[in-house]
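These are the residues of each chain, in order.
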Amino acid sequence: MRIGELAARTGVSVRALRYYEEQQLLTSVRSSGGQRHYPDDAADRVHLIQTLYAAGLSSKTILDLLPCVDAKVNTPASRALLRAERDRIDQRISELVAARDRLDAVITSSESPASGCTHVDLASV
């Protein structure tokens, strides 16, 4: 199938499909006229890539996992990679919760009648 058909089937932009190829996540064969042609299972691959991106994985991590996916093999290394990604996301969540808590403190401080909204002492927050 051609790139436009793949984009229509998957709801992914042509630009994103080209990016996936650039990142070696997706492959195509070029016609003599230079047009990309994808195998029949390319839509499944694109959906998998989208799922892994939505789970917070980077292109590099996805690329590292694809050989296991293609071989239909679940290895200790692939599980360790997924656990490391989960730990990275957990850390980021903790950082975001702390940032939200600091922002809540700033909001509370700014709502205080004593603050007069003229000065908020961020050092005390």
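Nothing here was measured: the structure is a model prediction, and the numbers come from that model.

1. Thoughts on unusual backbone geometry
Thinking step 1. In this structure, Gln24 is a non-glycine residue whose phi angle is positive, near 65°.
Thinking step 2. Mapped onto the fold, Gln24 is located in the loop between α2 (14-22) and β1 (29-30).
Thinking step 3. Despite not being glycine, Lys72 shows a phi value in the positive range, around 55°.
Thinking step 4. The class of Lys72 is exposed, set by a relative accessible area of 77%.

2. Comments concerning the nonpolar core
A general trend in soluble globular proteins is that nonpolar side chains are found buried together.
Thinking step 1. Core analysis: the largest hydrophobic core is formed by 20 residues, its most contacted members being Leu6, Leu17, Tyr20, Leu26, Tyr38 and Val46.
Thinking step 2. Listing elements by their share of this core, those giving two or more residues are α1 (3-10), α2, α3 (42-54) and α4 (59-71).
Thinking step 3. No other element matches α3, which puts five residues into this core.
Thinking step 4. If near-sequence neighbours (up to four positions away) are discounted, Val46 is found in contact with Leu6, Thr10, Val12, Leu17, Tyr20 and Leu26.

3. What to know about the packing of aromatic side chains
Thinking step 1. Taken as a whole and assessed by the stated rule, the structure comprises two aromatic pairs.
Thinking step 2. Three or more aromatic residues joined by ring pairs make a cluster, and in this case those are Tyr19, Tyr20 and Tyr53.

4. Side note on the packing of α4 against helix α5 (residues 76-111)
Thinking step 1. Packing of α4 against α5 brings their axes to within 10 Å, and their N-to-C directions diverge by 150°. Comparing their axes, α5 and α4 come out roughly antiparallel. Relative to α5, α4 is oriented so that their crossing is left-handed. Along its contact with α4, which presents Thr61, Asp64, Leu65 and Cys68, the element α5 presents Ser78, Leu81, Leu82 and Glu85.
Thinking step 2. Taken together, the residues of the contact of α4 with α5 break down into four nonpolar, two polar and two charged.

5. Examining the layout of surface pockets
Left-over empty space is what a probe sized like a water molecule reveals as it rolls over the atoms.
Thinking step 1. Computed from the structure, the largest pocket encloses a volume of approximately 280 Å³.
Thinking step 2. What lines the largest pocket is a set of 16 residues, among which Asp41, Arg45, Leu66, Val69 and Asp70 lie closest to the centre.
Thinking step 3. Looking at the lining of the largest pocket, the elements that each hand over two or more residues are α3 and α4.
Thinking step 4. Per-element tally for the lining of the largest pocket: the top contributor is α4, with five residues.
Thinking step 5. A per-class count over the lining of the largest pocket returns nine nonpolar, two polar and five charged.

6. Considerations on the side chain of Glu85
Thinking step 1. Here Glu85 lies in helix α5.
Thinking step 2. Look at Glu85 and you get buried, because its relative accessible area is 11%.
Thinking step 3. For Glu85, the residues in contact, after removing those within four places along its chain, are Gly56, Leu57 and Thr61.

7. A short note on α2
Thinking step 1. Taken residue by residue, α2 has Ala16, Leu17, Tyr20 and Glu21 as its buried positions. Angular distribution of buried residues about the axis of α2 spans 145°; they occupy a single face of the element. What points out from α2, more than 90 degrees from its buried face, is the exposed set Arg15 and Glu22.
Thinking step 2. Buried residues along α2 sit in contact with α1, β2 (36-37) and α3.
Thinking step 3. One or two steps after α2, the chain reaches Gln24, where phi turns positive at roughly 65°.

Procedures and definitions
- Here the residue index of a chain counts from 1 through its sequence in written order.
- Per-residue local features of the predicted model are confined to residues with pLDDT of at least 70, and side-chain atom pairs are confined, for both listing and counting, to 80 or more; whole-chain, interface and lining totals are unaffected and use all residues.
- Side-chain figures throughout are based on the complete set of non-hydrogen atoms in the structure, without hydrogens or water.
- Only runs of H or I of at least four residues qualify as helices and only runs of E of at least two qualify as strands under DSSP, and these elements are numbered from the N terminus.
- Exposed residues in this analysis have more than 50% of their type's maximum accessible area, buried residues have under 20%, and partly exposed residues fall in between, with area computed by a 1.4 Å probe over protein chains only.
- Nonpolar cores are built from buried Ala, Val, Leu, Ile, Met, Phe, Trp, Tyr and Cys residues. Side-chain atoms within 4.5 Å join them into one set.
- Here, two residues are considered to be in contact whenever any of their heavy atoms come within 4.5 Å of each other.
- The pairing test for Phe, Tyr and Trp rings, Trp by its six-membered ring, is centres within 6.5 Å, and the orientation test on the planes gives stacked under 30 degrees, edge-to-face over 60, and tilted for anything in between.
- For helices, the fitted axis covers only the stretch in contact; all axes are lines through C-alpha atoms, and the angles between them, taken along N-to-C directions, range from 0 to 180 degrees.
- Reported orientations rely on four angle classes, namely roughly parallel under 35 degrees, roughly antiparallel over 145, roughly perpendicular from 65 to 115, and oblique for the rest.
- By convention the crossing between two helices is left-handed if the near helix lies anticlockwise of the far one by an angle smaller than a right angle, and right-handed if it lies clockwise.
- Asp, Glu, Lys and Arg are counted as charged, while Ala, Val, Leu, Ile, Met, Phe, Trp, Tyr, Cys and Pro are counted as nonpolar; the rest, among them Gly, fall into the polar class.
- Put plainly, a pocket is an open set of points on a 1 Å grid over the protein atoms alone with protein on both sides within 12 Å along at least five of seven lines, a cavity is a set where a 1.4 Å probe fits but cannot get out, and a lining residue has an atom within 4 Å of a point.
- Grid points are joined across faces, edges and corners, and a volume is the space filled by probe spheres set on the points.
- In this description, the arc belongs to the directions extending from the helix axis to the C-beta atoms.

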